[in-house]
Amino acid sequence: MSHQAEAFLGSWIVTNVHPSGMKAAGDTTEAARLAADCVALAAAQQITRADFEAEVGDLDEHMRLALNIAQDAVDQAATRPQRSSR
């Protein structure tokens, strides 16, 4: 992947991938939508889906993993004990 494509994908994920809450196991709708949105925006910079997939493999799957990571971070934060401010 070119440095431009790699930087674009990393930045795009940080900005646009947010926890989606409880989804049915195996539901890939949100991941596919995110991948399509990313590719559409990247086209203006002549970055293609193939550029992304050369580095990360299936882009829909990469977005699904990014969603899972975002959700896991929220879940972990929710289960941490709250510190009282005294």
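Just above, that's the structure.
Read on for an overview of the structure.

**Re unusual backbone geometry**
Then, in step 1: Positive phi, normally seen in glycine, also occurs at Q46, with a value near 60 degrees.
Then, in step 2: Assignment of secondary structure puts Q46 in the loop between α2 (29-42) and α3 (49-56).
Then, in step 3: Given a relative accessible area of 65%, Q46 falls into the exposed group.

**Quick word on the packing of α3 against helix α4 (residues 59-79)**
If you want to describe how two helices pack, look at the angle between their axes and the distance between the axes.
Then, in step 1: For the pair α3 and α4, interaxial distance at closest approach is 9 Å and the crossing angle is 65 degrees. Here R49, F52, E53 and V56 of α3 lie close against α4, whose contacting residues are L59, D60 and H62.
Then, in step 2: Broken down by class, the residue content of the contact of α3 with α4 amounts to three nonpolar, one polar and three charged.

**What to know about the nonpolar core**
Then, in step 1: Ranked by size, the top nonpolar core spans 18 residues in total, and within it W12, V17, F52 and M63 carry the most contacts.
Then, in step 2: Elements with a contribution of two residues or more to this core: α1 (3-16), α2 and α4.
Then, in step 3: Contact partners of M63, with chain neighbours within four places excluded, come to L9, W12, I13, V17, A31, L34, A35 and C38.

**Considerations on the pattern of salt bridges**
Then, in step 1: Scanning all chains against the criterion turns up five salt bridges.
Then, in step 2: A salt bridge links R49 to D60, with the nearest nitrogen and oxygen atoms 2.6 Å apart. Of the two residues, R49 sits in helix α3 while D60 sits in helix α4, which places them eleven residues apart along the sequence.
Then, in step 3: For R64, the salt bridge is made with E61, and the minimal N-O distance between the two is 2.6 Å. Of this pair, R64 and E61 both sit in helix α4, three residues apart, which is roughly one turn of the helix.
Then, in step 4: Through salt bridges with shared partners, a single ionic network connects E30, R33 and D37.

**Considerations on α4**
Then, in step 1: Its 21 residues place the ends of α4 30 Å apart at the C-alpha level, agreeing with the 30 Å of an ideal helix rising 1.5 Å per residue.
Then, in step 2: Elements in contact with the buried residues of α4: α1, α2 and α3.
Then, in step 3: The N-capping residue of α4, defined by a side-chain oxygen 3.2 Å from the backbone nitrogen of D60, is D58.

Criteria and thresholds
Residues numbered from 1 in each chain as written. Predicted model: local features only at pLDDT ≥ 70, side-chain atom pairs only at ≥ 80, totals over all residues. Heavy atoms only, no water. Helix = DSSP H or I, 4+ residues; strand = E, 2+ residues; numbered from the N terminus. Buried < 20%, exposed > 50% of the residue type's maximum accessible area, 1.4 Å probe, protein only. Axes fitted to C-alpha atoms, helices over the stretch in contact; angles between N-to-C directions. Contact = heavy atoms within 4.5 Å. Nonpolar A, V, L, I, M, F, W, Y, C, P; charged D, E, K, R; others polar. Core = buried A, V, L, I, M, F, W, Y, C linked by side-chain atoms within 4.5 Å. Salt bridge = Lys/Arg side-chain N within 4 Å of Asp/Glu carboxyl O. Expected span 1.5 Å × (residues − 1). Polar contact = N/O pair within 3.5 Å; in protein donor to acceptor, adjacent residues only side chain to side chain.

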